[in-house]
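For reference, the chains in residue letters:
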Amino acid sequence: MNTEIRGKFELIGKATRDFQLRVIDCPPPSSIPNPDVIALGYGTSPIICFGEKVIFQATQNPNWLYQWEFNGDNIPKANSDTLTAFKPGVYNLTAYLKNECSKARTSREITLKVESIKIKFTPQLTSFCEGEVRQLKAPDITQPVIKYQWFKDQSIFAGNVNSITIRESGKYFVAITTNLSTNVCPSVTDTLNFVKNPKPEPTITPDKSDNKICQGESILLSGIPEDKMKYQWFKNNLSLSGEISDKLKANEAAEYVLAVTDSNSCTQSSAPYKIELVSNIPVSLDPVNLFCGNPNTTTQLVGSPSGSSGIYSGTGVTNQQLGIFDGRNLPFGTYDVSYEYKGAYACQSGKVTQKIRIIKPPDYQFPNSTITVWKEIETLVKGPNNSNWIYSWSPANLFSDPTLGSPKIKLNANTKLWLKITDQEGCDTKIPLDVLVNERIFIPNIITPNDDHENDDWQIFGIGNNSEVNITIFDRWGEIVFFSDGSYNSPFDGTYQGKKLPNGIYAYRINIPARKEQYEGTLTIAR
């Protein structure tokens with residue numbers, strides 16, 4: 001009994017029964033003799049030619065059942081009192097009563113002989129491969145042929161042709177009838193057993209999941225290893241010399257085929273396996289220019305190929321996906337930054353590294369940010385003295401040689417100069433220098449204030465437009481007779497408090513604070 005549990009059947013028990021059948025031995029009735037069998041026209045020793053037939057006739061009795069036998073085996077559906085036979089061998093008949101229990105009665109044995117003239121085919125190869133054919137030609141005989149009759153596995157296969165095309169396995173022979181007298185049996189060949197062998201079924205199995213490789217890589221292709229098999233590999237329809245095992249290490253883009261020959265010399269080729277070469281995609285990281293001093297902003301790193309499969313790393317990298325480098329607060333030094341890209345294949349992956357250098361720019365300051373020179377007088381401007389630096393003064397046309405650390409200059413007006421210093425690393429810095437241009441002072445030592453409009457006052461040349469010029473004049477007793485605190489716009493005219501000073505020698509002191517200059521001497525008044 002079966003019961004269903006959760007959609008499945010489970011055996012929970014079984015039962016068996018025994019039955020007994022009673023068999024009795026029937027006595028032989030005296031009314032049934034052994035059946036008699038003859039070959040009509042031939043008696044009890046029939047001999048026929050190949051292709052002919054004979055009729056066996058048994059004793060006729062409507063109350064009998066018949067079963068004909070051939071070589072000791074029952075002939076299917078042979079249950080009448082006659083039998084048409086053509087195969088050589090031993091025939092006999094067994095009879096039974098239809099409606100009564102009785103023992104079987106067996107006839108005598110009659111041997112049927114079939115005669116023919118034995119001829120042989122030309123020796124030939126009887127094994128062939130699936131998809132091939134074999135041609136079988138009847139042997140040549142001297143008598144004129146009336147008829148050819150071909151047989152396969154004892155059945156008529158084809159007729160009245162002297163050759164046949166064999167496509168299937170089987171036992172083949174041919175009977176040849178000539179135009180001689182009817183007392184001569186036909187010629188019958190020996191039987192050739194043709195065997196059609198199936199072709200091998202080779203396949204190619206790669207050792208990786210897809211058919212793409214990078215330059216320099218390979219795929220191991222394997223067939224099915226079997227004994228007595230011969231192998232030959234082909235690439236793009238050309239055989240590969242020496243590649244005769246069931247495995248091939250393929251490292252080129254091409255179509256590969258494995259041909260297999262079995263022990264029957266049957267050859268079959270596999271379906272082609274195509275290997276494709278993956279294009280190389282180099283991984284790169286754009287170099288970053290040298291930083292002279294800490295950068296003012298972050299820097300965008302640029303790796304190739306771009307995409308989510310790329311990762312940036314290294315000191316100063318603040319965003320690995322976007323490749324942001326922040327060197328604003330890093331100490332001076334050299335830093336490695338990398339870009340790693342992981343593609344689908346090895347030749348589309350890689351990691352590259354670039355060095356980012358943050359170095360200290362040239363450090364120099366003028367002792368004084370402002371200097372004073374004489375107008376139109378060539379003056380040496382003292383700058384740095386470092387043989388490892390490159391100098392460039394501007395405006396360059398104002399210098400005798402703008403590439404010197406301390407060049408000479410000649411000016412006629414106040415000017416702002418710039419010194420660009422470039423070190424061996426290519427870093428540079430620009431330093432300003434203000435230059436004040438002074439006219440050369442000329443101080444007359446005599447005036448003649450006699451109202452002739454010539455040398456009537458003390459004209460001092462070269463003090464320019466200085467807003468702070470201190471001029472003091474003393475008489476012979478050291479008393480101050482003139483003082484100018486500021487611009488010298490009203491020159492000394494030889495008077496003091498509106499009165500003419502007497503002729504004589506007077507002392508003076510001139511102080512120009514902006515130029516850090518002071519002059520002392522004597523002035524003569526002569527009317």
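This text follows the structure it describes.
Read on for an overview of the structure.

Scoring rules and cut-offs
Residues numbered from 1 in each chain as written. Predicted model: local features only at pLDDT ≥ 70, side-chain atom pairs only at ≥ 80, totals over all residues. Heavy atoms only, no water. Helix = DSSP H or I, 4+ residues; strand = E, 2+ residues; numbered from the N terminus. Rg over C-alpha atoms; globule rule 2.2 N^0.38 Å. Buried < 20%, exposed > 50% of the residue type's maximum accessible area, 1.4 Å probe, protein only. Contact = heavy atoms within 4.5 Å. Areas by Shrake-Rupley, 256 points an atom, 1.4 Å probe, with all protein chains shown as cover. Disulfide = S-S within 2.5 Å. Pairing = 2+ DSSP bridges. Phe/Tyr/Trp six-rings, centres within 6.5 Å; stacked < 30°, edge-to-face > 60°. Lys NZ or Arg CZ within 6 Å of the ring centre and 35° of its normal.

Quick notes on the overall build of the protein
If you tally the helices and strands in the protein, you get zero helices and 51 strands. Here the protein has a C-alpha radius of gyration of 66 Å; the compact-globule value for 527 residues is 24 Å, and the former is much larger. The C-alpha extent of the protein, read off along each of the three principal axes, is 205 × 75 × 35 Å. A burial count over the protein gives 35% of its 527 residues as buried. Partitioning the contacts of the protein with sequence separation of at least 6, the portion at a separation of at least 24 is 54%. Accessible surface, the protein: about 32900 Å² in total, of which carbon and sulfur atoms supply 48%.

Some details on unusual backbone geometry
With an omega dihedral of -5°, the bond running from Ser304 to Pro305 counts as a cis peptide bond. Locating Pro305 in the fold gives a position in the loop between strand S33 (303–304) and strand S34 (310–314). Here the bond from Ser394 into Pro395 is cis, since omega is -5°, no more than 30 degrees from zero. As for its position among the elements, Pro395 is in the loop between strand S41 (390–394) and strand S42 (408–409).

Digging into the state of the cysteines
Inspection of every chain in the model, using the stated rule, returns four disulfides. There is a disulfide in this structure between Cys49 and Cys185, and the S-S distance comes to 1.7 Å. Since a negative S-S torsion denotes a left-handed disulfide, the Cys49-Cys185 link at about -70° is left-handed. With Cys49 in strand S4 (residues 47–49) and Cys185 in the loop between strand S18 (170–178) and strand S19 (187–189), the pair connects residues that are 136 residues apart, well separated along the chain. One exposure class covers both Cys49 and Cys185, and it is buried. There is a disulfide in this structure between Cys214 and Cys347, and the S-S distance comes to 2.1 Å. Because the torsion about its S-S bond is -70°, the bridge between Cys214 and Cys347 counts as left-handed. Taken together, the residues span a long stretch of sequence, with Cys214 in the loop between strand S22 (212–213) and strand S23 (219–222) and Cys347 in the loop between strand S37 (333–341) and strand S38 (350–359) at a distance of 133 residues.

A word on the sheet that holds strand S26 (residues 247–250)
Taking strand neighbours across the sheet as the criterion, the three strands line up as S21-S23-S26 in an open arrangement whose pairing is antiparallel. The open sheet has two free edges, formed respectively by strand S21 (205–206) and S26, since each of these has just one partner strand. Here S21 pairs with S23 via two bridges, running antiparallel. When the bridges of S23 are listed, Pro206 appears paired with Leu221.

Some words on the packing of aromatic side chains
Under the counting rule described, the total for this entry stands at 18 aromatic pairs. Where Tyr364 meets Phe366, the ring centres are 5.5 Å apart and the plane angle is 80°; that geometry is what we call edge-to-face. Phe366 carries the same exposure label as Tyr364, and that label is buried. Ring plane angle 40° and centroid distance 5.8 Å describe the contact between Phe366 and Trp393, whose orientation is recorded as tilted. A residue pair is termed long-range when its members are at least 10 positions apart, and Phe366 in the loop between S38 and strand S39 (370–374) and Trp393 in strand S41 qualify at 27 residues. The same class applies to Phe366 as to Trp393, namely buried. Put simply, the rings of Phe56, Trp68, Phe70 and Tyr91 touch in pairs and so form one group of aromatic residues. Taking NZ or CZ as reference, Arg476 lies 5.3 Å from the ring centre of Trp477, over its face.

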